[in-house]
Amino acid sequence: MFNTILIALVLAGQFWTYRALRSRLERTTLGRHGVAAVGLAVVFAVLLIVVWLDNTWMLGPLWDSPRPVSRLLSLGAGVWVVGATAATALVYGLAMIRKLARRLPGPPSSAAGSSRRAFLSQAATAAAVVTPFGAAAYGTLLVRQQFELRDVAFPVRDLPAGLADFRIALLSDIHFGPYLSRPELDRVVAMANETRPHLTLVTGDFITRDGDPLESCLERLALLRAETGVFGCLGNHEIYADCEDLAETRARALGIEILRHRARLLEYGGARLNLAGVDYQRQSLPYLRGAGRLIEPGAVNLLMSHNPDVFPVAAKLGYDLVVGGHTHGGQVTVEILEQTLNVSRFFTPFVAGLYRLGAAAIYVSRGIGTINLPLRLGARPEVTLLRLKRAG
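Quick caveat, the model's predicted, so the values are computed rather than measured.

Criteria and cut-off values
Residues numbered from 1 in each chain as written. Predicted model: local features only at pLDDT ≥ 70, side-chain atom pairs only at ≥ 80, totals over all residues. Heavy atoms only, no water. Pairing = 2+ DSSP bridges. Helix = DSSP H or I, 4+ residues; strand = E, 2+ residues; numbered from the N terminus. Axes fitted to C-alpha atoms, helices over the stretch in contact; angles between N-to-C directions. Salt bridge = Lys/Arg side-chain N within 4 Å of Asp/Glu carboxyl O. Buried < 20%, exposed > 50% of the residue type's maximum accessible area, 1.4 Å probe, protein only. Disulfide = S-S within 2.5 Å.

Caption draft 1: Representation of the sheet that holds strand E8 (residues 300-304) within the structure. Read across the open sheet, the 6 strands follow the order E6-E7-E8-E9-E13-E12; overall the sheet is mixed. Of all strands in the sheet, those with a lone pairing partner are strand E6 (262-268) and strand E12 (353-357), marking the two edges. Strand-to-strand twist across the sheet, computed as the mean angle between neighbouring axes with direction ignored, equals 20 degrees. Looking at chain direction, strand E9 (residues 321-324) and strand E13 (residues 360-364) are connected through 4 bridges and run parallel. From the neighbouring strand, Val 322 faces E13, where its bridge partner is Ile 362.

Structure representation (structure tokens):
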């Protein structure tokens, strides 16, 4: 439903933007002869086709290689579509406010007052048009690739001394494809390795859809290094791409163990860490069925689950720690009156960062890549270093 609403908004925004530009062009010589209108229609069609290719089926080799022209076209089309859609919504919102304001009773205005209001109205419209394009360009060309390294204390009650300051590198939501290039992914892998982790976890959504370069993504992730190994779980986009078995098999061949409703007991410093993993938990089914059997008594139990809304169930089952992603930190997050607003809050209260329930804790990664929209605002992509600490 969310994707349907998003597509409808994009198409409506493109239609209204096209109509507004065409009405202005019709006042020119080219516009009166229809040449500009045809050219404008072709430009809009090309931009929408590029975005459609990015978000439906993809030619993996096209995006797998660092071709500046193709990537610039892809990102440029994304900036245009996002900017035009948001600008249209703001302009029409201002128009509705003006109509309501005209109906309200008020004192008669002077000529100077009317002129001032007309100027402010035009300035507001100009800002409504320009600001979304600026924000889209900033979020796509800059924030999208500003990978942040977050160093977080991960609290564990009765943490064994051997696991004190145990380091876990966490990556999530890679979404390797048109909006995440191979050099960008290599930079993420290097950042994770530079933390010298004892354990590295990748919690799902390696790609976005069927046709994306899954094998190339896993080959780059195979460069991850950790003392006790590299493990992962699967996300919802592995289901959409129908590549769950392929991802598991290929990852294992490259040295990454995907835990699909399985657990691995790791030993470090004379202490035990039980690492469990589950596939993406569908909201239509009970969460974590049978996952209680994966718990190891006497060990620190850590669960990998792509979607973080399983946390209350995991805490009730007895897991000490949970890691996940899925939300992208909202991907586009706005703070208003000390309240954080984003789409993810409609689906889960666990959007980004550290949360605790009783003795259990979860860390939700903002992830690496993007979906649908090529931008991030207020939710920088992150590589996370989790340090196990005894809970106070």
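Caption draft 2: Here's a closer look at the pattern of salt bridges. Considering all chains together, one arrives at 18 salt bridges under this definition. Of the charged contacts, one joins Asp 165 and Arg 387 as a salt bridge, the two residues approaching to 3.5 Å between their closest N and O atoms. One end of the pair, Asp 165, is in the loop between strand E1 (148-156) and strand E2 (167-171); the other, Arg 387, is in strand E14 (residues 382-390), and 222 residues separate them in sequence. On the accessibility criterion, Asp 165 (28% relative accessible area) is partly exposed. Here Arg 209 and Asp 212 are joined by a salt bridge, their closest N and O atoms 3.8 Å apart. Of the residues examined, Asp 212 reaches a relative accessible area of 7% and is grouped as buried.

Caption draft 3: Representation of the sheet that holds strand E3 (residues 199-203). Taken in spatial order, the 6 strands make up an open sheet running E1-E14-E2-E3-E4-E5, and their pairing is mixed. The open sheet terminates on both sides in strands that have one partner only, identified here as E1 and strand E5 (256-258). Shown here is a sheet whose adjacent strand axes are inclined to one another by a mean of 25 degrees, direction ignored. Taken together, the 4 bridges between E2 and E3 define a ladder with parallel strand orientation.

Caption draft 4: Examining the pairing of E2 more closely. Counting buried positions along E2 gives 5 out of 5 residues, so the element sits mostly inside the fold. Burial along E2 is two-sided: the face carrying Arg 167, Ala 169 and Leu 171 and the face carrying Ile 168 and Leu 170 are both buried. As paired elements, E2 and E14 share 4 bridges and run antiparallel to each other. From the neighbouring strand, Ile 168 faces E14, where its bridge partner is Leu 386.

Caption draft 5: Broad picture of the state of the cysteines. Tallying each qualifying case throughout the model produces 0 disulfides. Just so you know, Cys 217 is unpaired, no disulfide at all, and the nearest cysteine sulfur is the one on Cys 243, 9.8 Å from it.

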